[in-house]
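# Structural overview for review
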Amino acid sequence: MRVLDEVTINANGVLEPLPSKGIVVSGITKTYKGGKVKALNNLSLEVLPGEALGLVGPNGAGKTTLLSCLMGFLRTDSGSILIDGEAPDALLTRRILGYLPERLTFDRWMTGRDYMQFHHELAGMPESTRKADCEALLTKVELPPSSWSVAVKKYSRGMLQRLGFAQALVGNPRYLLLDEPASGMDPTGVMVVRQLLKTLKEDGLTILLNSHQLDQIEKVCDRVIFIKDGTVSRVEDLNEKIEQEEHLVIRWLASATSLSREDFGRVAQKECLAITEINSDFARVSTAGSAATVNLIKALVTANFPISEVRPEDTRLERLFINSNKEELTA
Ligand SMILES: Nc1ncnc2c1ncn2[C@@H]1O[C@H](COP(=O)(O)OP(=O)(O)O)[C@@H](O)[C@H]1O
Ligand SMILES: [Mg+2]
């Protein structure tokens, strides 16, 4: 047992858990079919303690393989993985990892509460706290108590997703690895996932989120890593504010003004890099960045344009994707 290694004694003589060291992946390679398929190719990355890190990349890039290696389900051919300084298959590591697989499987006859208690037992958690722990988690993911004793076959997708999250949180993991948690979900389900991820991050969990949904990643993550052909192709810090070209749709109430689209063009021209389209009540423009966008809106309001909507046409991550594809096409 290494229980003593997990804690430290602080200045007041109180036991505290050791600080998290994050996940360090160094040059891992993973092949399938006796080396014929190279899923991961000398991949290195770090997940910093407390951060939410997004993983994006095309199908077949190696994201699920990476998560499976981190979970200790698969062994790498070479390279190393350290999670809080330990190997993925160490017992200690298992205790600090929570995992939400891409496809959740449920025994459909089980109730939500049965399912949670089953996983609580599997995780080796004490029976004395089972009921209370499971109820606390079901409450945390906002599954209403009236659903706890209903068979999961009657759950909606959104409810199943909440249950999946609750299961991943059994045993209070430090790390949460999520493999496309919102794939195939309706807009409500997508919002459920987003809101849960925000709460869990505030609780201090370190999150690794594999998702195709760029807007989801942009809203939840601190950094994003692009994976391609089994290796890291790019790392972006989403907290870093950068001035970047903005593409906007601007609408105004044409019925409430005598100003024409020519007037719009005249006012907007000074603050825009380009006006790509002008109609009687909306325009598409691009500006040099957020400061120019503010100036543009000020100028339009000063000229008495009854602006009803200003909306970005694409997000920062979408733009990065578009630009990296352009780079590829011209390379
Ligand atoms: N069990 C497996 N056997 C053989 N090849 C596999 C297996 N799992 C994944 N692959 C291959 O490894 C590569 C990476 O797959 P995967 O990790 O699932 O990518 P992603 O999750 O990014 O879509 C793909 O070429 C895929 O076909
Ligand atoms: Mg996958």
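Residues numbered from 1 in each chain as written. Chains lettered and ligands numbered in written order. Predicted model: local features only at pLDDT ≥ 70, side-chain atom pairs only at ≥ 80, totals over all residues. Heavy atoms only, no water.

### Some thoughts on the pattern of salt bridges
Two side chains that carry opposite charge are able to pair once their charged atoms sit near each other. Enumeration over the complete set of coordinates arrives at 15 salt bridges. The salt bridge involving Asp 203 is made with Lys 140; its shortest N-O contact spans 2.6 Å. In this pair, Asp 203 is assigned in the loop between α6 (187–202) and β9 (206–210) and Lys 140 in helix α4 (residues 130–140), connecting sequence segments 63 residues apart. Two residues, Glu 313 and Arg 284, come together in a salt bridge whose shortest N-O distance is 2.8 Å. (Salt bridge = Lys/Arg side-chain N within 4 Å of Asp/Glu carboxyl O. Helix = DSSP H or I, 4+ residues; strand = E, 2+ residues; numbered from the N terminus.)

### A few points about helix α5 (residues 157–168)
For α5, which comprises 12 residues, the first-to-last C-alpha distance of 16 Å matches the rise-based estimate of 16 Å (1.5 Å per residue) to within 8%. With respect to burial, α5 is a largely interior element, 10 of its 12 residues being buried. Residues of α5 that are buried: Gly 158, Leu 160, Gln 161, Arg 162, Leu 163, Gly 164, Phe 165, Ala 166, Gln 167 and Ala 168. Lining the buried residues of α5 we find β7 (97–100), α3 (112–122), α4, β8 (175–179) and α6. (Expected span 1.5 Å × (residues − 1). Buried < 20%, exposed > 50% of the residue type's maximum accessible area, 1.4 Å probe, protein only. Contact = heavy atoms within 4.5 Å.)

### Remarks on the environment of Val 24
With respect to the secondary-structure elements, Val 24 resides in strand β3 (residues 23–32). Here Val 24 falls in the partly exposed class, since its relative accessible area comes to 29%. Taking the C-alpha atoms as reference points, Val 24 and Val 150, 126 residues apart in sequence, are found 41 Å from one another. Not counting chain neighbours up to four residues away, the residues in contact with Val 24 comprise Leu 45, Glu 46, Ser 80, Ile 81 and Leu 82.

### Regarding unusual backbone geometry
Of note in this structure, Asp 229 is not a glycine but carries a positive phi near 50°. According to the relative accessible area criterion, Asp 229 is exposed, its value standing at 61%. Phi is positive for Asn 304, which is not a glycine, with a value near 70°. Looking at the secondary structure, you find Asn 304 in the loop between α9 (290–302) and β15 (307–312).

### Focus on the domain arrangement of the protein
Interface size is commonly expressed as the accessible area that is lost once the parts come together. Under the domain assignment, the protein is made up of domain 1 (3–237) and domain 2 (246–330). Each of domain 1 and domain 2 was reduced to a C-alpha centroid, and the two centroids are 40 Å apart. Taken residue by residue, the interface counts 10 residues in domain 1 and 8 residues in domain 2. Of the roughly 890 Å² buried between domain 1 and domain 2, counting both surfaces, carbon and sulfur atoms make up 64%. If you sort the residues of domain 1 by the area they bury against domain 2, Leu 214, Glu 218 and Phe 226 come out on top, with a joint share of 52%. The interface formed by domain 1 and domain 2 contains 0 salt bridges. Viewed at the interface, domain 2 and domain 1 are joined by 1 residue pair in polar contact (both at pLDDT 80 or more). When residues of the side of domain 1 that touches domain 2 are traced back to their parent elements, those giving at least two are α7 (214–220), β10 (223–228) and β11 (231–237). Residue classes in the side of domain 1 that touches domain 2 are distributed as 5 nonpolar, no polar and 5 charged. (Domains from an automatic or database assignment. Buried area = accessible area lost by both parts, 1.4 Å probe. Polar contact = N/O pair within 3.5 Å; in protein donor to acceptor, adjacent residues only side chain to side chain. Nonpolar A, V, L, I, M, F, W, Y, C, P; charged D, E, K, R; others polar.)

### Here's the deal with the pairing of β8
β8 sits mainly inside the fold: 5 of its 5 residues count as buried. Of the two faces of β8, the one holding Tyr 175, Leu 177 and Asp 179 and the one holding Leu 176 and Leu 178 are both buried throughout. For β7 and β8, the ladder comprises 4 bridges, and the chain directions are parallel. When the sheet's bridge partners are listed, Tyr 99 is paired in β8 with Leu 177. Pairing of β8 with β9 involves 5 bridges; the strand directions are parallel. Each residue of the ladder has a partner; that of Leu 178, found in β9, is Leu 209. (Pairing = 2+ DSSP bridges.)

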